[in-house]
Amino acid sequence: MTPCNLAPWEHLLGQGTSHRESGRGIRFVPKAGERAWLFRSDSQEFREHFGNRQSCDAVFLIETAQQRKLFFIELKGRRFEDAIDQLAETYLAVHGKLPPTCRQSTDLEVLAVTGGGTPEQEARKAQEVFKKRTGRRLVRKSIPAGNTCDLRDFL
């Protein structure tokens, strides 16, 4: 796997490998030989660095022996359609600034963790809008309030 230089992003790193918002959480617990970084994407500093107006809740970079994945994550209690703009803006801003060697050796995944309150037809329509804007598939995972989603399920 080609190394990915994170030096220009180090000032955007958060603490730990979990994030909680809107009554839902996301986490990744690294096993031996794995590494994970959590970026504070929903911050003014992140938006200034990448030039986007709005941001998703978290960006995780995970490296295992077999792969490197960059996750763009929005935790939504309501208004799933708002997640589309937040995720698309963050994805497009970050993707455009990834060094080519990192872009070629990193799988990108976009994930909205919701409470399931959005009707399925509306959610599918929003996912189609996202794909048209970014060329990327948006994965939607519904979990009850108070629960945490494990990113290991998406490796």
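Rules of the game
Residues numbered from 1 in each chain as written. Predicted model: local features only at pLDDT ≥ 70, side-chain atom pairs only at ≥ 80, totals over all residues. Heavy atoms only, no water. Helix = DSSP H or I, 4+ residues; strand = E, 2+ residues; numbered from the N terminus. Expected span 1.5 Å × (residues − 1). Buried < 20%, exposed > 50% of the residue type's maximum accessible area, 1.4 Å probe, protein only. Contact = heavy atoms within 4.5 Å. Disulfide = S-S within 2.5 Å. Pairing = 2+ DSSP bridges. Axes fitted to C-alpha atoms, helices over the stretch in contact; angles between N-to-C directions. Salt bridge = Lys/Arg side-chain N within 4 Å of Asp/Glu carboxyl O. Arc of directions from axis to C-beta.

## Section: helix α2 (residues 80-97)
For α2, which comprises 18 residues, the first-to-last C-alpha distance of 26 Å matches the rise-based estimate of 26 Å (1.5 Å per residue) to within 8%. Where α2 is concerned, the buried positions are Phe80, Ala83, Ile84, Gln86, Leu87, Ala88, Glu89, Thr90, Tyr91, Ala93 and Val94. In this structure, the buried side of α2 is in contact with α1 (44-50), β4 (58-63), β5 (68-76), β6 (107-114), α4 (120-134) and β7 (138-142).

## Thoughts on the state of the cysteines
One pass over the structure, following the stated rule, counts 1 disulfide. The partner cysteine of cysteine 4 in its disulfide is cysteine 102, sulfur to sulfur 1.7 Å. Linking cysteine 4 and cysteine 102, the disulfide has an S-S dihedral of approximately -75° and is accordingly described as left-handed. Of this pair, cysteine 4 sits in the segment before β1 (18-21) while cysteine 102 sits in helix α3 (residues 100-104); the two residues are 98 residues apart in sequence, bridging distant segments of the chain. Each member of the pair cysteine 4 and cysteine 102 is classed as buried. Of the cysteine sulfurs around cysteine 56, a residue in no disulfide, the closest is that of cysteine 149, at 14 Å. Residue cysteine 149 is classed as buried on the basis of its relative accessible area, which comes to 2%.

## What about the sheet that holds strand β3 (residues 35-39)?
Two pairing modes exist for strands in a sheet, parallel and antiparallel, and in both the strands are linked by backbone hydrogen bonds. Strand order in this open sheet of 5 strands is β3-β4-β5-β6-β7, and the pairing throughout is mixed. The open sheet has two edge strands with one neighbour each: β3 and β7. For this sheet, the mean angle separating the axes of adjacent strands, direction not counted, is 25°. Where β3 and β4 come together, 5 bridges link them in antiparallel fashion. Note that in β4 the partner of tryptophan 37 across the bridge is leucine 61.

## Considerations on the sheet that holds strand β8 (residues 148-150)
Strands sit in the order β1-β2-β8 across an open sheet of 3 strands; the sheet is mixed. Strands at the two margins of the open sheet, each flanked by one partner only, are β1 and β8. Direction aside, neighbouring strands of the sheet carry axes that sit 20° apart on average. Taken together, the 4 bridges between β1 and strand β2 (residues 24-27) define a ladder with antiparallel strand orientation. Counted as the bridge partner of histidine 19 is isoleucine 26 from β2.

## Focus on the pattern of salt bridges
Inspection of the entire model under this criterion finds 13 salt bridges. Where glutamate 74 meets lysine 76, a salt bridge forms, and the shortest distance between an N and an O atom there is 3.3 Å. On the basis of relative accessibility, which here comes to 2%, the residue glutamate 74 falls in the buried class. Because the salt bridges share partners, they merge into one network encompassing Arg35, Glu63 and Arg68.

## Structural notes on α4
With 15 residues, α4 ought to run about 21 Å at 1.5 Å a step, and its terminal C-alpha atoms sit 21 Å apart, in line with that. If you check which residues of α4 are buried, you get Ala123, Ala126, Gln127, Phe130 and Thr134. Viewed end-on, α4 has its buried residues packed into an arc of 100°, placing them on one side of the element. Away from the buried face of α4 by more than 90 degrees, exposed residues Gln121, Lys125 and Lys132 are located. As for α4, its buried residues are in contact with α2, β6 and β7. Just past α4, the residue glycine 135 takes up positive phi, approximately 75°.

Worth remembering: the numbers are spatial, not functional.
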